[in-house]
Amino acid sequence: MLYLSLRQMEYVAAVARAGSLSGAALQLNVSQPSLSVALTRVEAHLGQKLFFRRKGAPITLTTAGQAYVTKVEDLLARARHLEDPAQMGQTLSGRLNLGMFDGLAPFHLGHLLRSLAAALPGIDIHYRVNDFATLAREMREGRIDCAVTCDLGLDASFAKTHLIDTRPCALLPGGHRLAHQAGVTLRDLVDEPLILSDEGLSVRHMLALFGRLGRKPVVAHRVGSLELMRSLVGNRLGVGIGYCVPPTALSYDGLAVVAIPITDGGAVEPVIVASNGPPAPGGLIAQVRTAIATAFAARAQ
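Residues numbered from 1 in each chain as written. Predicted model: local features only at pLDDT ≥ 70, side-chain atom pairs only at ≥ 80, totals over all residues. Heavy atoms only, no water.

What follows concerns the overall build of the chain. Along its length, the chain carries ten helices and twelve strands. In terms of overall dimensions, the chain has a C-alpha envelope of 75 × 45 × 35 Å along the principal axes. A buried classification covers 44% of the 301 residues belonging to the chain. Sequence-distant contacts, at least 24 apart, represent 67% of the contacts inside the chain between residues at least 6 apart. Only carbon and sulfur atoms are counted for the fraction: they give 55% of the accessible area of the chain, which is about 15,100 Å². Across the chain, 29 positive and 24 negative side-chain charges occur, with their mean positions spaced 4 Å apart. (Helix = DSSP H or I, 4+ residues; strand = E, 2+ residues; numbered from the N terminus. Buried < 20%, exposed > 50% of the residue type's maximum accessible area, 1.4 Å probe, protein only. Contact = heavy atoms within 4.5 Å. Areas by Shrake-Rupley, 256 points an atom, 1.4 Å probe, with all protein chains shown as cover. Lys, Arg positive; Asp, Glu negative; His and termini not counted. Charge placed at Lys NZ, Arg CZ, Asp CG, Glu CD.)

What follows is the structure in structure tokens.
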């Protein structure tokens with residue numbers, strides 16, 4: 001038995017979009033008291049607050065409300081699809097909230113969005129770019145349906161599909177003693193002042209790789225972006241280590257930066273598509289994950 005109607009869910013979504021009862025009531029052509037009563041009944045049934053309602057202030061979503069509204073909007077989109085005769089027999093529809101690790105996004109997000117639009121034209125795609133920990137938290141909270149990331153900070157409750165392997169590179173200033181080698185090892189770099197990402201999981205991962213050698217490197221700088229890392233490298237302030245390296249030999253400030261692959265086998269890091277638990281077979285998220293894997297496989301050929 002369905003205890004909440006689609007109409008009540010539509011009320012919740014409208015208030016979330018409008019940020020006020022008056023704005024939502026105008027959009028829906030219903031009275032504000034009716035809307036207020038409906039919200040109260042939905043919250044009572046769910047046993048948790050969806051909105052912060054303060055006199056004289058905009059209505060805002062709670063954390064639970066944000067997760068709930070995302071799912072409600074997806075359900076309403078499916079319902080509209082089902083009641084539209086013109087849409088019968090067409091492609092899968094719905095809303096996708098896609099996440100991607102910020103270090104991967106400049107290299108993969110554009111191509112992936114284009115591939116998903118071609119493979120699943122009925123899907124309304126929204127995306128968020130963030131660090132490892134935030135992506136994991138937002139998947140757990142239902143704000144992101146699936147994410148393309150590295151397997152850092154994700155426990156066994158996440159469903160994971162391997163996409164590609166990435167090998168780190170040492171970023172060296174032009175003229176560095178190692179700059180003309182075909183490859184380097186972590187042991188070659190252990191005495192160099194390192195420039196690493198300031199993302200916590202990334203730093204711990206990199207230090208753990210050196211820890212396997214029984215060595216503790218000196219971290220001279222932690223930076224928030226790859227291009228800042230490359231600039232510091234070009235200015236001879238240390239040696240950078242990055243998993244995603246642009247195909248250019250100059251930093252933004254015009255200095256030579258050489259990328260040399262790190263050959264240690266244990267340093268290879270898989271890129272995955274993950275979701276909070278296994279998706280329903282044949283459902284939207286399952287099809288999206290398949291389309292993402294197909295897009296990465298096609299690009300790797």
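That was the structure; now back to the text.
Here we come to the pairing of strand β5 (residues 146-150). Here β5 lies mainly inside the structure; five of its five residues are buried. Where strand β3 (residues 94-101) and β5 come together, three bridges link them in parallel fashion. Bridging from a neighbouring strand, Gly99 pairs with Ala147 of β5. Examined bridge by bridge, β5 and strand β12 (residues 269-275) share four bridges and lie antiparallel to one another. Bridged to Val148 within β12 is Val273. (Pairing = 2+ DSSP bridges.)

Turning next to the pattern of salt bridges. Under the definition given, this model contains eleven salt bridges. A salt bridge links Asp151 to Lys160; its shortest N-O distance comes to 3.0 Å. Judged by its relative accessible area of 30%, Asp151 falls in the partly exposed class. What makes Lys160 partly exposed here is its relative accessible area of 32%. Between Arg177 and Glu192 there is a salt bridge, with its nearest N and O atoms 2.9 Å apart. Of this pair, Arg177 sits in the loop between β7 (169-173) and α7 (186-189) while Glu192 is found in the loop between α7 and β8 (193-197), placing the two residues 15 residues apart along the sequence. Under the relative-accessibility criterion, Arg177 is labelled exposed at 56%. Glu192 gets classed as buried once you look at its relative accessible area, which sits at 13%. (Salt bridge = Lys/Arg side-chain N within 4 Å of Asp/Glu carboxyl O.)

Let's shift gears to the sheet that holds strand β6 (residues 159-166). In spatial order, the strands read β4-β3-β5-β12-β6; together these five strands make up an open sheet with mixed pairing. Each of the sheet's edge strands pairs with one partner strand only, and the pair in question is β4 (123-130) and β6. The mean angle between the axes of side-by-side strands here comes to 20 degrees, regardless of whether they run parallel or antiparallel. By the bridge criterion, eight bridges tie β3 to β4 in an arrangement that is parallel. Paired with Arg95 across the strands is Asp124, a residue of β4. Contacts between helix α5 (residues 105-119) and the sheet are confined to β3, β4, β5 and β6, with β3 contributing the most and set at about 160 degrees to the helix. (Axes fitted to C-alpha atoms, helices over the stretch in contact; angles between N-to-C directions.)

What follows is about the layout of surface pockets. Quantified by volume, the largest pocket comes out at close to 560 Å³. The wall of the largest pocket is formed by 28 residues, among which Phe101, Asp102, Gly103, Ser197 and Leu226 lie closest to the centre. Among the elements of the structure, α5, β8, α8 (200-211), α9 (226-234) and β10 (239-242) are those that each provide at least two residues to the lining of the largest pocket. It is α8 that contributes the most residues to the lining of the largest pocket, three residues altogether. Among the residues making up the lining of the largest pocket, the classes are represented as 16 nonpolar, seven polar and five charged. In this structure, the second largest pocket encloses a volume near 350 Å³. As for the second largest pocket, its lining consists of 18 residues, of which Lys71, Gly142, Ile144, Asp145 and Ile285 are closest to the centre. Its residues assigned to classes, the lining of the second largest pocket shows six nonpolar, five polar and seven charged. (1 Å grid on protein atoms, 1.4 Å probe; cavity = no way out; pocket = protein on both sides within 12 Å on 5 of 7 lines; lining within 4 Å. Points joined across faces, edges and corners; volume = space filled by probe spheres on them. Nonpolar A, V, L, I, M, F, W, Y, C, P; charged D, E, K, R; others polar.)

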